[in-house]
Every structure is written in C-alpha cells, then in structure tokens.
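Observations on chain architecture
Single-letter residue listing:
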Amino acid sequence: MDKAKYQSSRVIHCPEFLDGHSVEIPILKILKQDGTVYDTAEMPDIDQALALKMYKTLAFHRVLDERMVAAQRQGRVSFYMTALGEEGAVVGSAAGLNDKDMIMGQYREQGALMFRGFSLENFMNQMFSNELDLGKGRQMPIHYGSNELHYMTISSPLGTQIPQAAGYAYGQKLQGNELCTLCYFGEGAASEGDFHAGLNMAAVHNAPVIFFCRNNGYAISTPSSQQYAGNGIASRGVGYDIKTIRVDGNDIFAVLKATQVARKYAIEHNQPIIIEAMSYRLGAHSTSDDPSGYRTRDEEAKYADHDPILRMKNWLLAQNWWDETQEKALFDTLREEVLAAVKKAEVIEKPPLEELVTDVYDDVPAHLQEQYNNLKEHIKKYPDAYPVTAGRIK
Amino acid sequence: MDKAKYQSSRVIHCPEFLDGHSVEIPILKILKQDGTVYDTAEMPDIDQALALKMYKTLAFHRVLDERMVAAQRQGRVSFYMTALGEEGAVVGSAAGLNDKDMIMGQYREQGALMFRGFSLENFMNQMFSNELDLGKGRQMPIHYGSNELHYMTISSPLGTQIPQAAGYAYGQKLQGNELCTLCYFGEGAASEGDFHAGLNMAAVHNAPVIFFCRNNGYAISTPSSQQYAGNGIASRGVGYDIKTIRVDGNDIFAVLKATQVARKYAIEHNQPIIIEAMSYRLGAHSTSDDPSGYRTRDEEAKYADHDPILRMKNWLLAQNWWDETQEKALFDTLREEVLAAVKKAEVIEKPPLEELVTDVYDDVPAHLQEQYNNLKEHIKKYPDAYPVTAGRIK
Amino acid sequence: MAQMNLLQAINDALMIAMKEDPSVVCFGEDVGHFGGVFRATSNLQEEFGEQRCFNTPLTEQGIMGFANGLAAQGSVPIAEIQFADYIFPAFDQIVNESAKFRYRSGNEFNVGNLTIRTPYGGGIAGGLYHSQSPEAYFAHTPGLKIVVPRNPYQAKGLLLAAIRDKNPIIFFEPKKLYRASVGEVPEEDYQLPLGKAEVVKTGSDITLLGWGAQMETIEKAAEMAEKKGVSCEIVDLRSILPWDVETVAASVKKTGRLLINHEAPLTGGFAGEIAATIQDKCFLHLESPIARVCGLDTPFPLAHEKEYMPDELKTFEAIMAAINY
Amino acid sequence: MAQMNLLQAINDALMIAMKEDPSVVCFGEDVGHFGGVFRATSNLQEEFGEQRCFNTPLTEQGIMGFANGLAAQGSVPIAEIQFADYIFPAFDQIVNESAKFRYRSGNEFNVGNLTIRTPYGGGIAGGLYHSQSPEAYFAHTPGLKIVVPRNPYQAKGLLLAAIRDKNPIIFFEPKKLYRASVGEVPEEDYQLPLGKAEVVKTGSDITLLGWGAQMETIEKAAEMAEKKGVSCEIVDLRSILPWDVETVAASVKKTGRLLINHEAPLTGGFAGEIAATIQDKCFLHLESPIARVCGLDTPFPLAHEKEYMPDELKTFEAIMAAINY
Ligand SMILES: Cc1ncc(C[n+]2csc(CCOP(=O)(O)OP(=O)(O)O)c2C)c(N)n1
Ligand SMILES: Cc1ncc(C[n+]2csc(CCOP(=O)(O)OP(=O)(O)O)c2C)c(N)n1
Ligand SMILES: [Mg+2]
Ligand SMILES: [Mg+2]
C-alpha cells in the first residue's frame, strides 16, 4: 500500500507516535574557530589557490557590506542588505560548485556572485540603478543577476526560486551536460508553500539540485522558534526522501566539503540534496531594519565570536599562506576600491526612457509603444518634472 | 543556533546524510481480516451500541455508493464519488471524535457525515441540487456540508482546508471549549503548498487539529509513487515536529484507536496530530473516471480482499452482536430506502431564481439586485428557454 | 485536411511541437501515461518517453514554478493546469514570476519559452470550480500573453504559435467544445497569428465581439438579429493580451455599435477594458452605449447555470436594445 | 480629536476593535512583538497577549488559509500581508475560498468576519515588488469587498467598519502616506460607510475619480486646472467593490466628463470597469471620452518610477484634453 522501497515497516498493535525527536540530526564541523581542524575531519578538496580565492572573496564581501551600509546612511543608495556573519556559508558553497552550475539565490548571497567574479563595477551599477546596470535599473539594490556567470537575477518574492530551481535542474539533466543548480533560501522562506512544492517535485522527478538553506535564526524580526516547530529545515529531508546534511554554516570547510560531496552525488545520481547551514544573521535584516526592537545585544555578542572570516584567516595563518601585512594591504585596497567605485557609479546616468518599456515582451507591442510615445511627448512638454530622463529624449 | 529543544545534536567531522530511511514508520493494526484481534492489541473504547452504529454507517455507505453510481449511469445524477474500500478509515475516525468537533473533508468522506446522522434526504437533496439542498443547489454532487453537524461544506480546490483546519482549531483553543478539528485529505492533496503551510502553522501555533491523510495509493491516475518520494505522508511529521501515527486504514479499530488517542492528546496538549491511514481506492476516482486506463484488474483484485466492512462484520459475528439475517435485512432495507429517496429527491424543484444572487454577500448589493431584476424580466419574456426557474417567477 | 475535434487538434499540435524540438516537455497532473483527464496529452508519453511527458505531483504552484525554471534554462515547457479554476495556487508564480522574469533581469534571463494550457469555462455542469473563465485575472499583467481558440482549426494554429512565441503564454481551452466542436484541420504544421483578432463575418449595424466558446453564442444571436434585419459584424478577439485594438476599433467605427460577450462575471471582466478603450478610440462614432453581456456578479452556479450564462437570447436582446437605443 | 498619521489611525482602530471584542485576533509576518515592519500593529501584543496578536511563519497562503478557518469558526481575524505585492501566494485562498465560502455552502458557513490589511502602492522607491496596486485583481471576484482609505480619518473609520462588516474585506493601505499623511482623527470609535464614494469637492466641468494615495495627485491636478478656469468635481471612490455607481453616475451626469486615475497598469485596471459602466449609464451626458490616467502597461519600475506614475501633470493634461475635446 506504499512504495515498495519502504516495504519493511514494523507492525504495532498499540499506538506509538513519531515526532521531531524520532530522528537525530548531526552537524558537520571541520574547522575550529582557532583555525585548527578537528582531528578526524575529512578535509574538502582545497589547494592554496582556491583557499586564497575564497578568503579574498570573504574580505571583499565584508568590505563591500561595511561600505554600502555607510553609503546608505549617507543617503547615497536607497537600500542595502549585508550578509554579516553568514559569508562563510555562501562563499563556501559557491566554491564547491562548477562555475557553470546555475545559482538561484534569495538575496543575501552576493558572496557567491563575488566568488564567480562579478566585478565591483557591476555591483555598483546595480545598486545605483544606472544605465550600466545589467538589470537596467529596474530592481531595488542588491537584486543582482548575471547570465554570463550563471547567477539567476534575484527576485524579491520569497521561495519562488525553489520550485524554479527544480525545473532548471531538470532541464540540465535532460540536456545531459553534467551541471546542477544550487538554490539558496532562508529558514523563513522555507515556510512558503513553494518550498514544499519545489522539494517534492525535485525528489519525484530526480532533479540534480542542491537546496541550500541558510538558517540564520531570523526572518526579519521573527525568530526561528516562531517559524517552525521541527528540528530546523534538515528534519524535512526525511519526508521528501532527499539526502540531507546539516553543517556549521560558519565553518567554511564544512560547507565546502558538504557542497562538494552533494554536487557529486546530485550529478551522478540525478538526485536533489538538502544542505542546512546553521548560522546567525549578525547584522540588521536590511538597512530598513533595526534589530534592537526584537533581540538583545547580548544575544548578538554571543554569535559575534563565531566569525567565519576570522576562522578562515586563522587557518590560513597557520598554513603560512597568509600574514598580517597581506591582510592589512588587502583590506586597505578593498576599502579604497569600493569607495572609488561608489563615486564612479553614482554619477553615471540612469537608463534612458526606452528601458521603461523594453523587456516587458520580447518586442514592444503596439499598445505599449503608443503609451511610450505619449509619455515622451509629455516629458518633452514638462522636462523639469522628469529630470532623470528628460535630458536624453530626442 | 537552533531551537533549544533539539540542543543535543551530535557533531560529526565527515559528511553523513539523512534521508527517507532515517526513520522507520510502524503501522498500527488491531483487527485481522478474519475478524479476530491481534493478541497484544490495545482495543479502542467501543461498546455494542457504538459498534453497531459504526457498522450500520458502513452498510449505509456501501449501499448509497452502489446505488448512486447506478443512478449516475442512468443519467439521474450528473456525478458521484464512492469511497469503496476506504469506508473504514473515514467511519472509524469520525467515531473517534466528539460529535461537536469540526470535520473538514476533501470530498470522499461522506462516511463521517453519515456517522453524524446526516439524513438520507439531505444527501439526496444535495446530489439533485434541489431546493431542499442545504447548499442551495450551488455545488456539484457530493459537496455536502452541515453547520448543525459541524461538517464543513466541501470545496473542490484541493488542500485549501488544511490551513483552514489549523485556523479553525486555533479558534476552538482560544474559546477553550475542549473541541478539536479533524481535517481529511488525500495523499495527492498533500502535495499542495497549502499542506505545508497548514501543518507548519498548526505546529507553531499549537492548534488542536488532527490531520487525517487517506493514503489510497492514487490521485486520479497518478500513483503515489509519482506523488512523493518519501515514506508516505507520515514521514513528514518529523519535519514539523507533529506527533504522527500510521494505521492500517482498512482496520476500523486501528483507525478508531488512533483517533481516540489523538483527540485526547490534541485537546489536552493543544497540539496537532497526523494520522496516515493506508488504504486503496478500489473504485474509480469518480463517475467521470475509468481506472482501466492506468491500472490493472489484478492490482485491484489484490486489494479487494482487504474489505474493511467485511472485516468489521466478521468481528461482529464473532461477538454474536450480528448475524446473517440481520445483515440481509439491513442491506435490503437500505437499498429500498435509497431507491425511494432518489425517486423523491429527483422530482423536487430546483431552488428559486433568487438563490442565484443570495449569499454572495450577507445582503444582496445594489448592482447584483439590478442584475437580478434584469434577469427576471428577461426570463419572463422567454420562459421556455429557462424551464428550471421560469415557472416560479412572480 | 482531416476532421478533428478540438482535443484532437490540440493533441496534434503538441505532437508536432514535440517531434520538431526535443527540448519541448509536457507535464501536469495526470498528463503522463493517462494523457490528462480530458486526454489532450494522449500518447505523448508513449511517443516521447517519460522524461518529456509526465505526471507531476498535485501542486499547481509547483508545476508553474518548475515550468518557470525549465523555461529559464532553455527547455520549452508546456504545462497543463487541469482546470482553469485551479490555476490560482499558481497565481504568484505566473503573475509575479513568469510575467516579470525578463523585465526584472534586464533580459539577462527570460521564460519566453513557457506555454500554460488550461481548460476553462462552463457548459459541463461543473458548478463553482469546474466552470470559471479567469482570463481577466491575468489580463491585468504586463508580460503575459493570453490566447483563446474558438474551434479546432484555430486551436491547432494558435497553440503552435503560442509554443513558439518567445513570451510566456496562457492558452485557455474551451472545454465545452473539446469534443463538441469538430472541423477540418490541416494535418501539417501551421500557425495563426497571436495578438490579432479575426473578423468572422462582416456586417454594418453592430459589432459583436467575443472569444472561445462564446463565439457560438454570438453567432446564434446574430442569426436571430439578422432575421430582424440587423446586420451584424462578428469579431473573434482570439488574443486577450495584447489585444487587437485596431481591428476592433476599425469595426466599431464602421458599425457604430459594439457588444462584448464573455462568460466571466461582468465586474472587472475583460469586456470592461475593451469598452473603456473603444469608447475612447471611437467616441464620435458610437451610436449607442457599448453593451456587455456577461456572467452575473456571482460565483459560477450549478442549478442556475443556464440563468447565469450570457446566452444567445440575452445577447440578442442586447443587440436589439443597442439598435433601438 | 488628535493629530494622527495614517499608521497611528490604523493602530488606533485595531486597538479599539481588539478591546471591544475578545474574539478579534491580529496576525501576520512580524506582526507580533515587533509590531509589523511598518509598525501598524505596535503594542497590540503587549496589550492583548500572544494568543491574540502574533507572528506567523512566512507563508501568505498559510496566513490566509488560517484566517479563513478562524473566521469560519466565529473568531474575527485581521490578517496582515506584509506588502500587497506578496498577496499572490494567497490568491487561491482569497479568490476561491474567502470569496465563495458563504455562497457555496448555502450560508451554512461563512468567513464574513475576515479582514485582510495590506500596504500597497508606489512612492517608496520599491521597484517591482514593493510598489504594486493589485486591487483590480480582486475586483473581478464576487463575494469580496475592497476598501482603500485616502487619509488618517478615513482609515480609522473605514477600517472599523471593515472589521465589523459581515463579509471578507481587503483593506489596502497607501503605504506612501503611512507617515506622510497627518490629520485630525477623533479618539473615539466611529465608522465610515462601505460601498459609498465621497464627493470631496464639488465642481461643474469634469469629475475626477480616484482612491487612496492618488487622491492627492488628483487634488493637485485639479488646482492646476482650476487656475485655467476648469471647475473640477473630485470623488474618492473609497470602496472598489462593490463600488458606488450611483454617486459617480450622478456626478458625471452633472459634469459631462470623467477622468479616472490609478497607479496600477492601465490594461485590466479598475478604471476600465468604471469607464465601461459609466459610458453605459451616462451615454447621452458625456461630452468627451472617459479618460484614464494610469500606470503604464509595464511591471512597476525603479529608476523610472516618476515616469511610470500617473502624476498630477499627466492628470492635468488629461483634464485639459477632455475639456478641449
Ligand atoms: C512572498 C514574500 N513574503 C514576504 C516578503 C518580505 N520579506 C522579505 S525578507 C523576509 C524575511 C526572510 O527571512 P529568511 O528567509 O529567513 O531570510 P534571511 O533574511 O534571514 O536571510 C520577509 C518576510 C517577501 N519578500 N516575499
Ligand atoms: C487545486 C486542485 N487541483 C486539482 C484538482 C483536480 N483533482 C480533483 S481530485 C484530484 C486527485 C486527488 O487525489 P487525492 O488527494 O489522493 O484524493 P483521492 O481522490 O485519492 O481521495 C485532482 C487532481 C482539484 N480539485 N483541486
Ligand atoms: Mg533567516
Ligand atoms: Mg489518493
């Protein structure tokens, strides 16, 4: 009466209930905060080049986040979101992929894009919605995307990318190109109906997709204790029969290892995988948020000690692959570069008026062309009222 | 970094994956097909009166289903759905409730309504959408509902009742009236996003609701092997931390026992419960369906041997609470009654035209009153074209 | 040419599309081996295998989410929603995702390969949830295209065009006509244009506009009116979004009168959009108010379906009222 | 009387409703301790406890499903959807369930106690997904009521009426005005009527109709027009469904002209419904086509928000075009 693969179920004659405690969920840890590796740990595939690339990405991430929060306070950008404290989970997982694997993010995964080489200019142009923005100035800051880098443009509605990732990965399987999709989402977004739909579709149709949950303890003000009653997101893997692993999200090697193993399995077996990375959102949800309204400084301080970047640095120092001089030079340069890039991007013009009506369809249909023509005439009549576009209308 | 209640998680240093096999799901069985009870089984609370009430409900169910399928073939009703082979799961669970508990069904749970005493006339009036139908002739056959009997009117969109049941039960808890809600759904409907939303809401907000999944192996033509990859629906309880039990759905005592225990727990602890009843949809999905297009006669025959009604009869005979004479008399009477009721209901007039516009809102708003007035004038002009209502328009 | 009913025409279009392009994939609830509850996808799994035609779990939001991802990847998904009444769990995936995918990404990504097929409309004693005509809910969404065929010939040609068009399209199939509408359909591949209305019959006194199954109703009403000496021009809109303002306006400028007919409730239905546009474009030509003959502002009923429907008698009455205004 | 901004007026209405009736329950994402991302539910949890005001998991379909059940049970749910742009995952629960609950059950059950609050509209540099005005998507749904206030006084009175009304209601809050709109609001309990438009200013040459945040735009445009000697009658529709045809038609019969303004895209927007109805009711009184000044038929943009919006200049131009038709 059920799938053959679960045939052997035990018969009982008195009621017995399962619940969240019926399965124990171990957590994978490889790197300690002091930069040493657990004795019995199986290290991920990593060499000096990769290690330094990862670390430089982390540094860039930290600096960009710092500077952009400041830029937002100064009113230079309207909005920003940091990944403070969670950088390791994102950079570690991105590093475990093939650069041609598709990444579908939620919004706090700029680290993955950095790892793939999205330029500082590209970040800036998006945030300033200027005419060089790949997204043509249409979305709020941090909604990056790049076809070239196989990083799907971020979309604000939460959870929608989860079933999309299943579909994308199914397409990759059909084409037999040995690539997979990695889909990031928060533990909050995992409450959406789309989560259930996406994981179930992937499991039933054997899509090579890695569902990567960043469990950072909060969805804006809502703590995870009010988000779900089960043992995190990993405990749901049982119900979908999806291979699932929980990792210390602040341990970049645990994340990298899990992702490398997951990717191999996903592609070899055409199967989805769940990785749950346990971390903590050390910063505000976004520049519009003030966490003091819902949590204590004490709580924050407790997690600040688990900084994933410092942890990796400690390891690099121990390898003699890095020193404090390099450290200072790197951060100084990054700070300068970011500041210069802000100054450059903020003076670039906004996209021309045409871009208001392109890309709604592949072509501009007649009714929209008519609306555009009327708008153009109107702006010509009142150029002062539309300073962003009036100057460039012919 | 996760809820305190799961603190003790084991630390690992090499990847290990959980999956659908990480938890074993036992199945509760009490009554054997031959009518004897397993040696060590804990019987449900049941006396002769309840046993006979349950059995008579089953008999009524079987007869109504038989006759209405025939009536549909004769073109007397437009549509029907039987619960052939699954009657035990529904009647057994209804019998485990307080009659004031709310029941929210999917559509194949007429047995619960029968158990609560919905009259034969009420069934018929609904199916013939005549003017005595409590639902005022607005929905397809089998969309029953009764406020008096605390049985929510059936709604065709699948899964929507699942989060509704969580909300209903939450309201019952707020009012402190020691009642709960039982929500039926199929293993197919459990793929809807609303399933995830509803179970998670119930678990987080401690709603006394019993989620009762009828796992009958099919959603129309789709076998459960193409519906989910996990070990049935019960395996999902782990992820929500909801107390979960799987029962043999053709074993009415296992179902009754599980429901009695579940109800007590739900109300005493303000907690949701999942019951998964394993059964088989012996008949067609509905009178519009022909299963020969997607499964074999052999498969059907295999499951026909597990008839839950025969199983209960065997037990009753063994108790000397029932005999073949009574059996024959009961079925004969039921068949006659049903036939007579069909004849009676099918000649009752359809609801008057007003009912087309009432209940859209609490009152009929002006624009709808105007539409109604125009329609009335129109029908008066062309009475022959609107035979259902023309005769009764003043 | 072959005689086909509307289901066969659709099945034929799907066969052609799948044969031509190995990246075309068909899926939905019961769409696989069984061929769909209406059998529109019959034999596709046998022909093209389980990877390209399959049953999905019962989740419309999952179907559409999966389809969006598949389209973004470059495959050509044709997703079925079993009844249009059940498209609403997928509303977010369609309205917030499919429709805005290209725009929000600056054309870095798009889901233009997507086609959604779904049976809509009354006529099968389906009550509230097997009868709805939800086209207007989607017509307020820039980025989508919406198409409704009226007969087998149209269905095949429009569906092939929809599958190949580079925009996400909802293709509403009038299920009442699935078996009832039979006609000559070329066996070969052909396409009919999207975004173009068709003047089905020319006339001089009033323009009657509709789509899908209601075209038959309009034709019957026109016959009645012709007997009273009223010359009707009949236009099948075919595409609801973008819609062919030009053809409709030209017709109304000629006839001076417009009647629009749809099954969906009056308020907020697409007839409102058409009336608003045409009263603007044709203000000085209109000899009577634009008439809307639509469903009542109620959920779709069962016992009173006949009374609810914008049938030929109501349409005829409205024609005469417009003429005698 | 007190000075309140729109958020305070809403918070005040919620306080009154919860104090009066212990079965009123408020919930949504971040609605509990934090008081909502806009702080509309501030202090409710402190005042009435965690059982009556709480955070939900992040699932709009869950929030609305839960709310439907709670309403059917007899409690009085006030559910918040954090942004109107995120209401679509709940579309099925609202359109197929809330709206049809009473009808389909023959009034055995109803969810009339339900109120949905959600911030809508542009003006906060929110781009595609923090700016939408989705009222028209719901206006095609018999069984729902839709209300939009234009200022704090209206907000409190209409929200209290909505909570007590025996039908499911969507209450769209113009978030641009949350803090920007400040006015005198009575501290006591009062209600404003649902389904009734308000003539905000009388005039003789043209009727200007809108709702919510666009009322300010209309007022500015009217001032410009008045300087050119055009006398404008300004009407706030307030309820989108059912809407007050009578008041609008009476105004248009007097002025002979109508302009409707909304932020949502033109095509399929609610202005279409209004125009279609009014051209019918006022055909012989109309001196120029009914004008619609609306958002463009694009997703809501970011860099070009100003260009997209139906602002006072566009409205003024359309007034003058109507006058000079
Ligand atoms: C469908 C939808 N509902 C609500 C929101 C508003 N919102 C934006 S972020 C957020 C919290 C997300 O939390 P989580 O998924 O845990 O991610 P995190 O911010 O912690 O990285 C909410 C409620 C949204 N963007 N989309
Ligand atoms: C939202 C929605 N999608 C699709 C359908 C069409 N439909 C009706 S019943 C059914 C199968 C349901 O299967 P299951 O939940 O297993 O219940 P069973 O029929 O086996 O009792 C489907 C797909 C529907 N009613 N609602
Ligand atoms: Mg989070
Ligand atoms: Mg089933």
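These numbers were taken from a predicted model, which means no experiment stands behind them.

1. Topic: the side chain of C:Asp297
Residue and element names in this part refer to chain C. If you trace the backbone, Asp297 turns up in the loop between strand S14 (291–295) and helix H11 (305–308). No salt bridge is formed by the buried Asp297. Its closest oppositely charged neighbour is Arg292, at 7.7 Å. Of the polar contacts made by the side chain of Asp297, one reaches the backbone nitrogen of Leu266; its length is 3.4 Å. A polar side-chain atom of Asp297 sits 2.5 Å from a polar atom in the side chain of Thr267.

2. Some thoughts on the interface of chain C and chain D
Taken together, the 50 residues of chain C in the interface contact 50 residues of chain D. Interface of chain C and chain D: buried area, both sides summed, is about 4,200 Å²; carbon and sulfur atoms make up 63% of it. Counting across the chain C and chain D interface gives two salt bridges. Taken together, chain C and chain D are joined by 27 residue pairs in polar contact (both at pLDDT 80 or more). Breaking the side of chain C that touches chain D down by element, the ones donating at least two residues are helix H4 (91–97), helix H5 (101–104), helix H6 (135–139), strand S13 (258–265) and helix H10 (270–281) of chain C. By residue number, the principal contributor to the side of chain C that touches chain D is H10(C), which donates eight residues. Partitioned by chemical class, the residues of the side of chain C that touches chain D number 26 nonpolar, 14 polar and ten charged.

3. Notes on the coordination of the magnesium ion (ligand 4)
All names here are of chain B. Protein-derived coordination of the magnesium ion (ligand 4) comes from Glu187 (OE), Asn216 (OD1) and Tyr218 (O), at a distance range of 2.0 to 2.3 Å. Each donor residue of the magnesium ion (ligand 4) belongs to the same chain, with the gaps between them written as E-x28-N-x1-Y. Of this pair, Glu187 sits in the loop between strand S5 (181–186) and helix H6 (193–204) while Tyr218 sits in strand S7 (residues 218–219), and the two are 31 residues apart along the sequence. Exposure remark for Glu187: the relative accessible area of 0% places this residue in the buried category.

4. Thoughts on the coordination of the magnesium ion (ligand 3)
Residues and elements named next belong to chain A. At this site the magnesium ion (ligand 3) is bound by Glu187 (OE), Asn216 (OD1) and Tyr218 (O), with donor distances of 2.0 to 2.2 Å. Each donor residue of the magnesium ion (ligand 3) belongs to the same chain, with the gaps between them written as E-x28-N-x1-Y. For the residue pair Asn216 and Tyr218, the accessibility class agrees, reading buried in each case.

5. So, the site of ligand 1
Around ligand 1, the surrounding shell holds 22 residues, and the nearest of these are A:Tyr107, A:Arg108, A:Asn216, A:Tyr218 and D:Glu60. More than one chain reaches ligand 1: the nearby residues come from chains A and D. For ligand 1, an oxygen atom lies 2.9 Å from a polar atom in the side chain of A:Arg214. Separating a nitrogen atom of ligand 1 from a side-chain N or O atom of D:Glu60 is a distance of 2.5 Å.

6. A few points about the relation of the copies chain C and chain D
Turning chain C through 180° and shifting it by 0.0 Å along the axis lays it on chain D, with an RMSD of 0.0 Å. Both copies are brought into coincidence by an operation consistent with a two-fold rotation axis. Looking at the interface residues of chain C, 100% of them are also at the interface in chain D, so both copies use one shared face.

7. So, the environment of B:Val204
Locating B:Val204 in the fold gives a position in helix H6. As a C-alpha pair, B:Val204 and B:Tyr361 span 157 residues in sequence and 33 Å in three-dimensional space. Among all residues touching B:Val204, those that are not within four sequence positions of it are A:Gln226, A:Gln227, A:Tyr228, A:Ala229 and D:Pro57.

8. Side note on the packing of aromatic side chains
Evaluated as defined, the whole model comprises 69 aromatic pairs over all chains. An angle of 90° between the planes, with centres 5.5 Å apart, marks the rings of A:Trp315 and A:Trp321 as edge-to-face. Residue classification places A:Trp315 among the buried residues on the basis of a relative accessible area of 5%. For A:Trp321, a relative accessible area of 23% puts it in the partly exposed group. Each residue in the set C:Phe88, C:Phe91, C:Tyr120, C:Tyr137, C:Phe138, C:Phe172, D:Phe88, D:Phe91, D:Tyr120, D:Tyr137, D:Phe138 and D:Phe172 is aromatic and connected to the rest through ring pairs, giving one cluster. For C:Arg39, the ring lying beneath its charged end belongs to C:Phe34, and the centroid distance is 4.5 Å.

9. Some remarks on the sheet that holds strand S4 (residues 76–80) of chain C
In any sheet, the strands associate via hydrogen bonds between backbone groups, in a parallel or an antiparallel arrangement. Residue and element names in this part refer to chain C. On the basis of which strands lie adjacent, the open sheet formed by seven strands has the order S3-S2-S4-S5-S7-S6-S12 and mixed pairing. Of all the strands in the sheet, the pair left with one neighbour each is strand S3 (53–55) and strand S12 (239–241). Between one strand axis and the next, the sheet turns by 20° as a mean value, whatever way the strands run. Against the sheet, helix H1 (residues 6–20) contacts strand S2 (24–28), S3, S4, strand S5 (115–120) and strand S7 (169–174), and its axis sits at roughly 135° relative to S2.

10. Digging into the relation of the copies chain B and chain A
Of the transformation placing chain B onto chain A, the axial shift is 0.0 Å and the rotation is 180°, giving an RMSD of 0.0 Å. A share of 99% of interface residues in chain B that are also interface residues in chain A marks the association as one of identical surfaces.

11. Regarding the interface of chain B and chain A
Put simply, an interface is often sized by how much accessible area is lost when its parts join up. The partner chain A presents 67 residues to the 68 residues of chain B that form the contact. At the boundary of chain B and chain A, one finds four salt bridges. The salt bridge involving A:Asp19 is made with B:Lys243; its shortest N-O contact spans 2.5 Å. Joining chain B to chain A, the criterion identifies 24 residue pairs in polar contact (both at pLDDT 80 or more). Listed by contribution, the elements that provide at least two residues to the side of chain B that touches chain A are strand S1 (11–12), strand S2 (27–28), H6, helix H7 (237–240), strand S9 (243–248), helix H8 (252–269) and strand S10 (273–278) of chain B. In terms of residues, the side of chain B that touches chain A owes the most to one element, H6(B), which gives six residues.

12. Points about the pairing of S7(C)
Residues and elements named next belong to chain C. Burial analysis of S7 places six of its six residues in the buried class, the great majority of the element. What you see with S7 is no split at all: Ile169, Phe171 and Glu173 on one side and Ile170, Phe172 and Pro174 on the other are buried throughout. The pairing of strand S6 (residues 145–147) with S7 spans three bridges and is classified as parallel. Note that in S7 the partner of Lys145 across the bridge is Ile169. Handedness of the S6-helix H7 (residues 152–164)-S7 crossover: right-handed.

13. Description of the pattern of salt bridges
Enumeration over the complete set of coordinates arrives at 92 salt bridges over all chains. Salt-bridge contacts for C:Glu198 lead to C:Arg150; the nearest nitrogen and oxygen are separated by 2.9 Å. Residue C:Glu198 is found in strand S9 (residues 198–201), and its partner C:Arg150 is found in the loop between S6 and H7; the two are separated by 48 residues along the sequence. Assessed through its relative accessible area of 14%, C:Arg150 is described here as buried. Ionic pairing is found between D:Lys145 and D:Asp165, a salt bridge with its closest N-O pair at 3.1 Å. Of this pair, D:Lys145 sits in strand S6 (residues 145–147) while D:Asp165 sits in the loop between helix H7 (152–164) and strand S7 (169–174), placing them 20 residues apart in sequence. Here D:Lys145 falls in the buried class, since its relative accessible area comes to 13%. Given a relative accessible area of 15%, D:Asp165 falls into the buried group.

14. A closer look at the site of ligand 2
In the vicinity of ligand 2, 22 residues are found, and the nearest of them are B:Tyr107, B:Arg108, B:Asn216, B:Tyr218 and C:Glu60. Residue neighbours of ligand 2 fall on chains B and C, so the site bridges chains. In this structure, a nitrogen atom belonging to ligand 2 sits 3.3 Å away from a side-chain N or O atom of C:Tyr86. Tallied by class, the residues present in the shell around ligand 2 amount to nine nonpolar, seven polar and six charged.

15. Details of unusual backbone geometry
Residues C:Leu241 and C:Pro242 are joined by a peptide bond in cis, for which omega reads -25°. When you line up the elements, C:Pro242 lands in the loop between S12 and helix H9 (245–255). If you check the backbone angles, A:His150 has positive phi at about 55° while not being a glycine. Among the secondary structure elements, A:His150 is positioned in the loop between helix H4 (120–127) and helix H5 (161–175). Within the chain, D:Ala125 stands out as a residue other than glycine whose phi angle is a positive 50°. Within the fold, D:Ala125 resides in the loop between strand S5 (115–120) and helix H6 (135–139). The exposure class assigned to D:Ala125 is partly exposed, which follows from its relative accessible area of 33%.

16. Points about the packing of H4(A) against helix H11 (residues 324–346) of chain A
Residues and elements named next belong to chain A. The contact between H4 and H11 brings their axes to 9 Å, and the two run at 45°. The orientation of H4 with respect to H11, classified from their angle, is oblique. For the pair H4 and H11, the sense of crossing is right-handed. Each of Leu120, Glu121, Met124 and Asn125 in H4 lies in contact with H11, whose residues at this interface are Glu337, Val338, Ala341, Val342, Lys344 and Ala345.

Reading the values: rules and limits
Residues numbered from 1 in each chain as written. Chains lettered and ligands numbered in written order. Predicted model: local features only at pLDDT ≥ 70, side-chain atom pairs only at ≥ 80, totals over all residues. Heavy atoms only, no water. Helix = DSSP H or I, 4+ residues; strand = E, 2+ residues; numbered from the N terminus. Buried < 20%, exposed > 50% of the residue type's maximum accessible area, 1.4 Å probe, protein only. Lys, Arg positive; Asp, Glu negative; His and termini not counted. Salt bridge = Lys/Arg side-chain N within 4 Å of Asp/Glu carboxyl O. Polar contact = N/O pair within 3.5 Å; in protein donor to acceptor, adjacent residues only side chain to side chain. Contact = heavy atoms within 4.5 Å. Buried area = accessible area lost by both parts, 1.4 Å probe. Nonpolar A, V, L, I, M, F, W, Y, C, P; charged D, E, K, R; others polar. Donors = N, O, S within 2.8 Å, 3.2 Å for Na, K, Ca; no water. Near = heavy atom within 4 Å. Least-squares fit on C-alpha atoms with pLDDT ≥ 70 in both. Phe/Tyr/Trp six-rings, centres within 6.5 Å; stacked < 30°, edge-to-face > 60°. Lys NZ or Arg CZ within 6 Å of the ring centre and 35° of its normal. Pairing = 2+ DSSP bridges. Axes fitted to C-alpha atoms, helices over the stretch in contact; angles between N-to-C directions. Right-handed = clockwise from strand over helix to strand, strands pointing away. Parallel < 35°, antiparallel > 145°, perpendicular 65-115°, else oblique. Left-handed = near helix turned anticlockwise from the far one by under 90°.

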